[in-house]
Amino acid sequence: AVEACTRAIDLDNKSSEAFQVRGWTEFYLGRPNNALIDLDKAIKLNPNRYENYTTRGEVLRQLAKYDDSRKDLDKAIKIDPSKPHAYYLRGLS
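A brief report on the enclosed structure follows. (Residues numbered from 1 in each chain as written. Predicted model: local features only at pLDDT ≥ 70, side-chain atom pairs only at ≥ 80, totals over all residues. Heavy atoms only, no water.)

### Examining the packing of aromatic side chains
All chains considered together, the criterion is met by three aromatic pairs. Ring geometry for W24 against F27: centres 6.5 Å apart, planes inclined by 25°, an arrangement best described as stacked. Of this pair, W24 and F27 both sit in helix α2 (residues 16-28), separated by three residues, roughly a single helical turn. A relative accessible area of 30% places W24 in the partly exposed class. Judged by relative accessible area, F27 falls into the buried class, the value being 11%. (Phe/Tyr/Trp six-rings, centres within 6.5 Å; stacked < 30°, edge-to-face > 60°. Helix = DSSP H or I, 4+ residues; strand = E, 2+ residues; numbered from the N terminus. Buried < 20%, exposed > 50% of the residue type's maximum accessible area, 1.4 Å probe, protein only.)

Structure below.
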């Protein structure tokens, strides 16, 4: 998955979706620093994309950075208050 996302980024280095998915994958491969770099880039490219904030919020929660996690999840909720996923993750944080 990391290789596929990297190829997608090579084709379109402004794809916040590719950075977000690669960041999530990096986290699950045990590389949280790489994950946060990609997720920061995803948010920089598209600060209005709900999934960018929920993903980074979940990574931060799993790293026990609860205050930062809640901030991201609050932003996700502001972007789309109709999706329950961010509320659930925020409750876990």
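Let us keep going from here.
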